[in-house]
Amino acid sequence: MAKSLAELKAIREKKLNEINLRHGKNGYRVVVGMATCGIAAGARPVMVKLMEEVEAKGLSDVTVAQTGCIGSCRLEPIVEVYDANNEKVTYVHMTPEKVTKVVDEHLAQGKVVDEYTMTIVDGKVIDPTVKG
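Conventions and cut-offs
- Residue numbers run consecutively from 1 along every chain, following the written order of its sequence.
- With pLDDT at 70 or above as the cut-off, local features in this predicted model cover only qualifying residues; side-chain atom pairs require 80 or more to be listed or tallied, and sums for whole chains, interfaces and linings still use all residues.
- Each side-chain value is worked out from all heavy atoms of the structure, with water and hydrogens disregarded.
- Note on ring pairs: Phe, Tyr and Trp rings are taken, using the six-membered ring of Trp, and paired if centres are within 6.5 Å. Classes follow the plane angle, with under 30 degrees stacked, over 60 edge-to-face and the rest tilted.
- Charge over a ring is defined by NZ of Lys or CZ of Arg lying within 6 Å of the ring centre and within 35 degrees of the ring normal.
- Any two strands between which DSSP finds at least two bridges are classified as paired.
- Elements are defined by DSSP. Helices are runs of H or I of four residues or more, strands are runs of E of two residues or more, and each kind is numbered from the N terminus.
- A fitted line through C-alpha atoms serves as each axis, taken over the contacting stretch for helices, and the angle formed by two N-to-C directions is quoted from 0 to 180°.
- Contacts are residue-level and defined by heavy atoms, with any inter-residue pair within 4.5 Å sufficient.

Trainee: How should I be thinking about the packing of aromatic side chains in this particular structure?
Mentor: Geometrically, a pair of aromatic rings is defined through the distance of the ring centres and the angle of the planes. In total, this model carries zero aromatic pairs according to the counting rule given. In this structure, R29 packs its charged tip against the face of Y82, placed 4.2 Å from the ring centre.

Trainee: Before we go on, may I ask you to explain the sheet that holds strand β3 (residues 79-82) in this structure?
Mentor: Working definition: the strands of a sheet are paired by backbone hydrogen bonds and lie parallel or antiparallel to each other. Ordered in space as β2-β1-β3-β4, the four strands form an open sheet in which the pairing is mixed. Since the sheet does not close on itself, it has two edges, and those belong to β2 (62-67) and β4 (88-91), each with one partner. Shown here is a sheet whose adjacent strand axes are inclined to one another by a mean of 20°, direction ignored. With four bridges joining them, strand β1 (residues 28-33) and β3 adopt antiparallel strand pairing. Residue pairing in the sheet places V32 in a bridge with V79 of β3. Packed on one face of the sheet, helix α3 (residues 43-56) meets β1, β2 and β3 and runs near 165° to β2.

Trainee: What's the story with the side chain of H106 in this structure? I'm lost.
Mentor: If you trace the backbone, H106 turns up in helix α4 (residues 96-109). Not counting residues within four places of it along the chain, the set of residues in contact with H106 comprises Y28, V81, V89, Y91, K101, K111 and V112.

This is the structure we're talking about:
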């Protein structure tokens, strides 16, 4: 049986509230792109390192999850960090070594690691690894 838009909205709100409860009012939700493109680029070790670092630092208000293709395959592995207000920071070309800095600075201290982020200018993605 098909759901109405109101029913779907209620389900979405309920799930978002559950996520917010899981990672706390001030916590983060971290999503790793784990489609074929992400896995081929090295997303699996990035995800493992992310989970290890979050646990080692005792960041109980951080939720780590995986998703399918985020849409910029040439920038994989991609990690998206959502804060409690659902504001997103997108980290690109992630490695296990970069994860350590993101956990230490962004997830533990709230400071975005700008040199690893994706930038969009005039609707075009600027690759941070290409020096111009």
